[in-house]
Amino acid sequence: MSQDTQPDSPLRIAVIGAGPAGFYAADALLKSDAVNATVDLFDQLPTPYGLVRAGVAPDHAKIKSVTRKYDATAQLPGFRFFGNVRLGKDVSVDDLKNHYHQILYTVGAQVDRKLGIPGEDLNGSHSATEFVAWYNGHPDYRDLKFDLSARSVVIVGVGNVAVDVARILCRTTDELRETDIADYALEQLAASNVEDVYMLGRRGPAQAAFTNPEAKELGEMEDADIVVSARDATLDDLSAAALAEHPDRLTEKKVAMIQSFVDKGLTGKRKRLHLRFLVSPTEITSDNGNVAGVDIVHNKLVEDGGRVRPKATDETEHLDCQLVFRSVGYRGLALDGIPFDDWTGTFRNEDGRIMDDQGWRVGEYAAGWIKRGPSGVIGTNKACAQDTVARMIEDAATGKTLQPADSSPEAAEELLRSRVADLFAWSDWEKLDKLETERGASLGRPRLKFTTREEMVEAVLGT
Ligand code: NAP
């Protein structure tokens, strides 16, 4: 029976993952005139907001203010939040199928892509994703160790995550203190010996993945000079010809900005951020199992199947360093029982509908990075989520939903309470949020995060 023939019996939807895609989908579902829906939004952490809390750099407070929109969604009738619930551990997909008409996975991309070069697993070689989660106070990463006694650090990749990591390593303690960076990270970064940070782009300035506002910030740091050589900043013939043939204002601006860094020169700041182009790491070298440096090869650019690709030349170089961050993109993590495409690192889907070998899995959907891969800015997830929601509404209208044994909101909550002793509701998060901002205010900081599940539960539920 189609959903619009049952106006009093809402379509019950479970959204798994309370990051941007989850909130945008919840908002679209709850505001839709085409469907009478309720949304239970789940997260494995007691806290909501996904990468806005645990990924966005602490010194980007303005970007984080998008959470106000998510807070408004949480006030819509029909919205419930269930934090501290791990899918696959506390509840299974089959449990959800017993209680919901539709399940939407918005679990993001949680692990890093590998470089596939020798030395990647040495002590001192880390994924940028782990470092980002660590300095942002994610409970699952807070106990990781990063040896910040290193004087020289190499970051592989020139995307916005690499830029975030470089900035955090180069900021002064005073700059970091104004942010909501985790307290232990502030302490360790304040004591760091880092003086030189190298970002390695395998292609040229025209292909750098970072966006222009982020690149601009690199030239404006209080106590770090930006260092770019004329050789690295010069456009190769292929890129210059491509830009001349297809002018692109943003790329031209990016290249001009990178070229303007050449003239800045050293001004005696304590740290140096070196931006390198057309180089790839070939090996992370070792000293007794610890990172000692990175062997790099110079590349030239070649056109290959419509894409500009790096091709190694014979020219090589060695960079001494004691710490390496691999920042070459994220991947989704496979979840038991959900079809996974290992090549793209996403849940197998067509337009957001989860697919397996038999075709579409009725009632199961994906949105955000687990649907399309780790690309775009936060707002990109809005259109992505709305697109999947349109499919969900279409399918509900034609009766293609799961057939839950008991779709009452009470039954779902009862199951969750029987499985998770420290279930977090939205009101619990609101209490935690207030406590974090109060603790921060007493130190002159915007927020002092709780960084373990135990502390969060103790602070709010008192257990
Ligand atoms: P990304 O933008 O895809 O950048 C990945 C970087 O790694 C690129 O420079 C890429 O070079 C390089 N790379 C990939 N494989 C490599 C290899 N084998 N060897 C050397 N370099 C390699 O990924 P990201 O930085 O993780 O960011 C993910 C998404 O989040 C992006 O859409 C980003 O814009 C977004 N984000 C936004 C912000 C913000 O708005 N402030 C902050 C953080 C993240 P090629 O281009 O040559 O492949």
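Quantities reported herein were computed from a predicted structural model and do not represent experimental measurements.

Please clarify how the overall build of the chain should be interpreted in this entry.
Along its length, the chain carries 18 helices and 20 strands. A globule of 463 residues ought to have a C-alpha radius of gyration of about 23 Å, and the chain, at 24 Å, matches this closely. Projected onto the principal axes, the alpha-carbon positions of the chain cover approximately 70 × 55 × 40 Å. When burial is assessed residue by residue, the chain has 55% of its 463 residues classed as buried. Put simply, 75% of the contacts in the chain that link residues at least 6 apart link residues at least 24 apart. Counting every atom, the chain has about 20400 Å² of accessible surface; 49% of that belongs to carbon and sulfur.

Teacher, can you tell me more about the nonpolar core here?
A general feature of soluble globular proteins is that nonpolar side chains tend to end up buried together. By size, the foremost hydrophobic cluster in this structure holds 45 residues, and its most contacted members are L169, M199 and F210. The leading source of residues in this core is helix α7 (residues 160-170), at seven residues. Excluding residues that lie within four positions of it along the chain, M199 makes contacts with I155, G157, V158, A162, V163, A166, F210, L218, L273, H274, L275 and R276. If you look at the next biggest cluster of nonpolar residues, it comprises 40 residues, including L11, A18, Y365 and W426.

Before we go on, may I ask you to explain a negative patch on the surface in this structure?
Residues D183, E187, E454 and E455 make up a contiguous surface patch of negative charge. Relative to the helices and strands, E454 resides in helix α18 (residues 453-461). Overall, the relative accessible area of 60% leaves E454 in the exposed class.

Is there a simple way to think about the sheet that holds strand β12 (residues 290-304) in this case?
As a general point, the strands of a sheet are linked pairwise by backbone hydrogen bonds and lie either parallel or antiparallel. Taken in spatial order, the three strands line up as β11-β12-β13 in an open sheet, and their pairing is antiparallel. The open sheet has two free edges, formed respectively by β11 (279-287) and β13 (307-320), since each of these has just one partner strand. With strand direction ignored, the average angle separating the axes of adjacent strands in the sheet is 20°. Sheet analysis places β11 next to β12, joined by eight bridges and oriented antiparallel. Pairing of S280 across the sheet is with V297, part of β12.

Would you explain the site of the ligand in this entry?
Looking at the ligand, there are 23 residues lining it, with N160, R202, R203, E214 and G376 nearest. Within the backbone of S327, a nitrogen or oxygen atom sits 3.4 Å from an oxygen atom of the ligand. Isolated, the ligand exposes 920 Å² of accessible area, and the fraction of that covered by the protein chains is 82%. Considering each element in turn, the shell around the ligand owes the most residues, three residues, to α7. Grouping the amino acids of the shell around the ligand by side-chain chemistry returns eleven nonpolar, seven polar and five charged. Residue-level mapping places the shell around the ligand at the junction of two domains, with at least three residues from each of domain 1 (11-110 + 332-460) and domain 2 (113-329).

Any chance you could explain the domain arrangement of the chain here in plain terms?
Think of interface size as the accessible area that goes away when the parts come together; that is how it is often given. Parsing the chain into structural domains produces domain 1 (11-110 + 332-460) and domain 2 (113-329). Computed over C-alpha atoms only, the centres of domain 1 and domain 2 are separated by 32 Å. Each partner contributes residues to the interface: domain 1 has 22 residues there, and domain 2 has 26 residues. Buried surface at the junction of domain 1 and domain 2, both sides included, amounts to about 2000 Å², of which 51% is carbon and sulfur. In this assembly, domain 1 and domain 2 are joined by four salt bridges. One salt bridge connects D59 with R171, and the closest N-O pair in it is separated by 2.9 Å. Counting the contacts that link domain 1 with domain 2 gives 14 residue pairs in polar contact (both at pLDDT 80 or more).

Explain the packing of aromatic side chains to me, please; I cannot follow it from the model alone.
Under the defined criterion, the tally for this structure stands at 23 aromatic pairs. For the ring pair F23 and Y49, a centre distance of 6.0 Å and an interplane angle of 40° mean the geometry is tilted. Note that F23 is positioned in helix α1 (residues 20-31) and Y49 in the loop between β2 (37-43) and α2 (51-54), a separation of 26 residues in sequence. Geometrically, the ring pair formed by F42 and Y100 is edge-to-face, given 6.2 Å between the ring centres and 80° between the ring planes.

I keep staring at the environment of Y184 and nothing clicks. Help me out?
Position of Y184 relative to the elements: it lies in helix α9 (residues 183-190). Here the alpha-carbon distance between Y184 and N136, two residues 48 residues apart in the chain, equals 10.0 Å.

Help me understand the confidence of the model for the chain, please; the structure alone is not making it clear to me.
Interpreting fine coordinate detail is not advised for predicted regions of low pLDDT. In this model, the chain carries an average pLDDT of 95, and 98% of its residues clear a pLDDT of 70 or more. Scored below 50 in pLDDT, residues 1-5 shows 13 contacts in the model against residues more than four places distant or in partner chains.

Please clarify how the packing of helix α6 (residues 128-135) against α7 should be interpreted in this entry.
A pair of packed helices can be characterised by two numbers: the angle between their axes and the separation between those axes. Their axes nearest at 10 Å, the elements α6 and α7 cross at an angle of 50°. With respect to their mutual orientation, α6 and α7 come out oblique. Classified by chirality, the crossing of α7 by α6 is left-handed. Between α6 and α7, the contacting residues are A128, F131, V132 and Y135 on the first element and V161, D164, V165, I168 and L169 on the second. Split by residue class, the contact of α6 with α7 holds eight nonpolar, no polar and one charged.

Would you mind showing me how to read the environment of L415 here?
Mapped onto the elements, L415 comes out in helix α16 (residues 409-419). For L415 and V91, which are 324 residues apart along the polypeptide, the C-alpha to C-alpha distance reads 8.7 Å. Those residues in contact with L415 that sit more than four places away from it in its chain are V91, D95 and H99.

When you look at the sheet that holds strand β18 (residues 349-350) in this model, what are you seeing that I'm missing?
Read from one edge to the other, the open sheet built from seven strands follows the order β3-β2-β1-β4-β20-β19-β18, with strand pairing classed as mixed. Bordering the open sheet on either side are β3 (79-83) and β18, each of which pairs with just one other strand. Pairing between strand β19 (residues 353-356) and strand β20 (residues 359-366): three bridges, direction antiparallel. Its bridge partner being in β20, M355 is matched across the sheet by W360. Packing of α1 onto the sheet brings it into contact with β1 (11-16), β2, β3 and β4 (102-105), and relative to β2 it is tilted by some 170°.

Conventions used here
Residues numbered from 1 in each chain as written. Predicted model: local features only at pLDDT ≥ 70, side-chain atom pairs only at ≥ 80, totals over all residues. Heavy atoms only, no water. Helix = DSSP H or I, 4+ residues; strand = E, 2+ residues; numbered from the N terminus. Rg over C-alpha atoms; globule rule 2.2 N^0.38 Å. Buried < 20%, exposed > 50% of the residue type's maximum accessible area, 1.4 Å probe, protein only. Contact = heavy atoms within 4.5 Å. Areas by Shrake-Rupley, 256 points an atom, 1.4 Å probe, with all protein chains shown as cover. Core = buried A, V, L, I, M, F, W, Y, C linked by side-chain atoms within 4.5 Å. Patch = residues over 30% accessible without salt bridge, like charges linked within 9 Å, V, L, I, M, F, W, Y side chains within 5 Å. Salt bridge = Lys/Arg side-chain N within 4 Å of Asp/Glu carboxyl O. Lys, Arg positive; Asp, Glu negative; His and termini not counted. Charge placed at Lys NZ, Arg CZ, Asp CG, Glu CD. Pairing = 2+ DSSP bridges. Axes fitted to C-alpha atoms, helices over the stretch in contact; angles between N-to-C directions. Near = heavy atom within 4 Å. Polar contact = N/O pair within 3.5 Å; in protein donor to acceptor, adjacent residues only side chain to side chain. Nonpolar A, V, L, I, M, F, W, Y, C, P; charged D, E, K, R; others polar. Domains from an automatic or database assignment. Buried area = accessible area lost by both parts, 1.4 Å probe. Phe/Tyr/Trp six-rings, centres within 6.5 Å; stacked < 30°, edge-to-face > 60°. pLDDT = per-residue confidence, 0-100. Parallel < 35°, antiparallel > 145°, perpendicular 65-115°, else oblique. Left-handed = near helix turned anticlockwise from the far one by under 90°.

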